[in-house]
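One-letter residues, chain by chain:
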Amino acid sequence: MTAPDDAAQAHALANDELGALCLALEQAAAYVSKLQISLADYRRRWATNVKDVRRRADRAVMRYHEEKEVSLSVATTWQTTVDQLSPVSRALLEMLSWLAPDALPDTLMEHQSMAAALTALTGNEDDDIEYALAELRGYSLLSARQSEPPASAGQLHRLVQLVTHDSLSAEERQRTLSATMRALADYSDQELSALPVAVLPQFLPHLSTVIVHADALGLTQDLARLLRARGSILYNGVRLGDAEASYRRALHVDEAELGVEHPTVGSDLHELAEVLVTSDRFAEAEPLHRRALAICEAHYDASDPKIAAVLHSLSVLVQLDNRPEEAEVLIRRAMAINERHHGAEHRSVAGNLSDLARIRWYDGRLEEAEGLMRRALAIKEKVLGSSALGISSDLSNLAAVLKERNAMTEAEALFRRALAIETDALGVDHPSVAVILNNLGQLLASTNRPQEAEIALREAAAIDERRLGANHRNLSRDLNNLASILMGAGRLDESESLLRRALAIGERTAGPNHPEVAATRINLADVLSVTGRLDEAEQLASSAPQTLKAASRRL
């Protein structure tokens, strides 16, 4: 609706009431457009609300801008707009105000958990979340939908969130935050594990922000579930310290609320132990895995796959700790459970076959290892597809065995296929990519391509140092293999430096008697021998264990 004095009214509104603040101007324009009213009418409505806003304006909002009047203009504009919202849109705005001021993932907004939470707040099962989102966008309370990846339902401005919080009573804050926590936790439990790894970081700021709000209001219901979801995303992103902190806190919350022997506590222990294993802290991880196993065995039937999952993780730990016989016992027990529960063609059985194949490979029983690995790969390709992230480790494992069997052409093709899958799903800077680069580098060296091998191994070392740190055993492996290439090229000084560093890391993380550490010690002794330091070389070689057959075989 136009009027003769629109120009003067617009100037007064923008400069007198709204202080030329873009957010307030945008919302005022949306309001006028949506309701088709004059600017003079809008100014009268705005003036009606300003007194009430002044009475209850939150100090945190006042600090958002140095000028109090500017903050008041946003709060008053917000109040004028919100008075026109339907109950469902108002309830949704209050829920979204507890999330981060970041893009709202489409998959979250479309999920049944959000609809259920909204219904719980309004008491109306017929509420339409899409209508509510559209109304919030129509009033410019929510930014426009983003259709290109990563797709989002819009974004809420931080000041809109603050003013929304300010409008709520203490009871309403607790109620709306609780609903938001439940919606986000339910969504995380049901969907996060199925999402592509590259999409997961979209949810991290929302989980972190809700956790902060929950702490501020003293809410603990659903808090542990949010902490576990946050920990999972951080773990997938190889932010191991932050992931550990989230899992430890989830464990603390669940132990306090559920008791130390509750099955959920067992899950917390299992997840925390996984992080510690990845962090090379086996001595800390093993008691947690064993405690998790005891809890599972106490609460579940002996054939429950939850027991098999803990057995699998524990077998990986003891295998990495160079206890293959104990690892095999655990693997076979897990596989028996999974076969009974899921059948012989399930992906969990394939995982157990891969674990068993690695032991056979370490023992030098290559033909048996290859057969097990091919069976595992066939099952996973059938279940997951030929380009799924879940098959990349099987491709790499099989390739490593084929390399030892001198089937170099097929091995290289499998390594490169695995590398393409990993980089596409995880990015070029992930430790899983480094594992494949390390294996590919060794193959390239074996096929007389030392320059290509050096490039691959240097990149593997760089990734592991960036993502896992300068004292991780994976870096020790990378440095040892790179040093071997340089030694073959006659670059002895550089090789010696890398081997001394690799040996120091390996002795700290895996222990002085681990086969991988022994291999590094032997390599360093070779360099010393070639450079005429025979006494030191002999001393190093004699300190290495006699059994080194598994030393170079780490997948």
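Residues numbered from 1 in each chain as written. Predicted model: local features only at pLDDT ≥ 70, side-chain atom pairs only at ≥ 80, totals over all residues. Heavy atoms only, no water.

**Observations concerning the overall build of the chain**
Piece 1. Along the chain, the regular secondary structure elements total 28 helices and 0 strands.
Piece 2. By the burial criterion, 52% of the 555 residues in the chain qualify as buried.
Piece 3. If you take every contact in the chain between residues at least 6 apart in sequence, the share linking residues at least 24 apart comes to 66%.
Piece 4. Split by element, the accessible area of the chain, about 24,200 Å² in all, is 51% carbon and sulfur. (Helix = DSSP H or I, 4+ residues; strand = E, 2+ residues; numbered from the N terminus. Buried < 20%, exposed > 50% of the residue type's maximum accessible area, 1.4 Å probe, protein only. Contact = heavy atoms within 4.5 Å. Areas by Shrake-Rupley, 256 points an atom, 1.4 Å probe, with all protein chains shown as cover.)

**A look at the environment of D126**
Piece 1. For D126, the position within the fold is in the loop between α8 (112-122) and α9 (129-138).
Piece 2. Sequence-wise, D126 and A115 are 11 residues apart; in three dimensions their C-alpha atoms are separated by 9.8 Å.

**Quick word on the nonpolar core**
Nonpolar side chains in soluble globular proteins tend to end up buried together.
Piece 1. Grouped together as the largest cluster of nonpolar side chains are 150 residues, with contacts concentrated most on L92, L96, M109 and M114.
Piece 2. What L92 contacts, discounting residues up to four positions off in sequence, is M109, M114, L118, I129, A132, L133 and L136. (Core = buried A, V, L, I, M, F, W, Y, C linked by side-chain atoms within 4.5 Å.)

**With respect to the packing of helix α12 (residues 204-217) against helix α13 (residues 223-236)**
Piece 1. Interhelical geometry of α12 versus α13 gives an angle of 145° and a closest axis separation of 10 Å. Once α12 is placed against α13, the crossing between them reads as left-handed. Touching L204, L207, S208, V210, I211, A214 and D215 of α12 are L223, L226, L227, A229, R230, I233 and L234, all from α13. (Axes fitted to C-alpha atoms, helices over the stretch in contact; angles between N-to-C directions. Left-handed = near helix turned anticlockwise from the far one by under 90°.)

**Points about the packing of aromatic side chains**
Piece 1. Per the stated rule, a full pass over the model turns up 2 aromatic pairs.
Piece 2. Ring centres of Y187 and F203 lie 5.3 Å apart, and the angle between their planes is 25°; this geometry places the pair in the stacked category. Of this pair, Y187 sits in helix α11 (residues 170-191) while F203 sits in the loop between α11 and α12; the two residues are 16 residues apart in sequence, bridging distant segments of the chain.
Piece 3. Assessed through its relative accessible area of 2%, F203 is described here as buried.
Piece 4. With a centroid separation of 5.5 Å and 40° between ring planes, the pair formed by W361 and Y362 is classed as tilted.
Piece 5. Positioned over the ring face of Y300 is K306, at 4.8 Å from the centre of the ring. (Phe/Tyr/Trp six-rings, centres within 6.5 Å; stacked < 30°, edge-to-face > 60°. Lys NZ or Arg CZ within 6 Å of the ring centre and 35° of its normal.)

**A look at the confidence of the model for the chain**
Piece 1. Here the chain averages 84 in pLDDT, while 82% of its residues score no lower than 70.
Piece 2. Scored below 50 in pLDDT, residues 9-25 makes 36 contacts in the model with residues more than four places away or belonging to other chains.
Piece 3. Counted against residues more than four places away or in other chains, residues 546-555, with its pLDDT under 50, gives 32 contacts. (pLDDT = per-residue confidence, 0-100.)

**Description of unusual backbone geometry**
Piece 1. Unusually for a residue other than glycine, N322 sits at a positive phi of about 65°.
Piece 2. In this structure, N322 sits in the loop between α17 (305-320) and α18 (324-342).
Piece 3. Owing to a relative accessible area of 34%, N322 belongs among the partly exposed residues under this scheme.

**Looking at the environment of D304**
Piece 1. Its place among the elements puts D304 in the loop between α16 (282-299) and α17.
Piece 2. For the pair D304 and H341, spaced 37 residues apart in sequence, the C-alpha separation works out to 7.2 Å.

**Brief notes about the packing of α17 against helix α19 (residues 347-362)**
Piece 1. Between α17 and α19, whose axes approach to 11 Å, the crossing angle comes to 15°. One finds that α17 runs roughly parallel with respect to α19. At the point where α17 passes α19, the crossing takes the left-handed sense. Touching H312, S315, V316 and Q319 of α17 are N352, D355, R358, I359 and Y362, all from α19. (Parallel < 35°, antiparallel > 145°, perpendicular 65-115°, else oblique.)

**Focus on the environment of V517**
Piece 1. Relative to the helices and strands, V517 is located in helix α27 (residues 515-530).
Piece 2. For the pair formed by V517 and N480, sequence separation is 37 residues and the distance between their alpha carbons is 9.3 Å.
Piece 3. The contacts of V517, once residues within four sequence positions are left out, are L503, G506, E507, A510, G511 and P512.

**Description of the pattern of salt bridges**
Piece 1. Within the structure shown, the criterion is met by 49 salt bridges.
Piece 2. We note a salt bridge from E328 to R332, for which the minimum N-O separation is 3.0 Å. Note that E328 and R332 are positioned in helix α18 at a spacing of 4 residues, about one turn of the helix.
Piece 3. Exposure remark for R332: the relative accessible area of 40% places this residue in the partly exposed category.
Piece 4. Here D464 and R477 are joined by a salt bridge, their closest N and O atoms 3.1 Å apart. (Salt bridge = Lys/Arg side-chain N within 4 Å of Asp/Glu carboxyl O.)

**Points about the side chain of R358**
Piece 1. Relative to the elements of secondary structure, R358 occurs in helix α19.
Piece 2. Within polar-contact distance, the side chain of R358 engages the side chain of D355 at 2.5 Å. (Polar contact = N/O pair within 3.5 Å; in protein donor to acceptor, adjacent residues only side chain to side chain.)

**Describing α9**
Piece 1. Along α9, the positions that sit buried rather than exposed are I129, A132, L133, E135, L136 and R137.
Piece 2. By the N-cap criterion, in which a side-chain oxygen at the helix start approaches the backbone nitrogen of a residue two or three places on, α9 is capped by D128, the distance to E130 being 2.9 Å.
Piece 3. Phi turns positive, to about 60°, at S140, one or two residues after α9.

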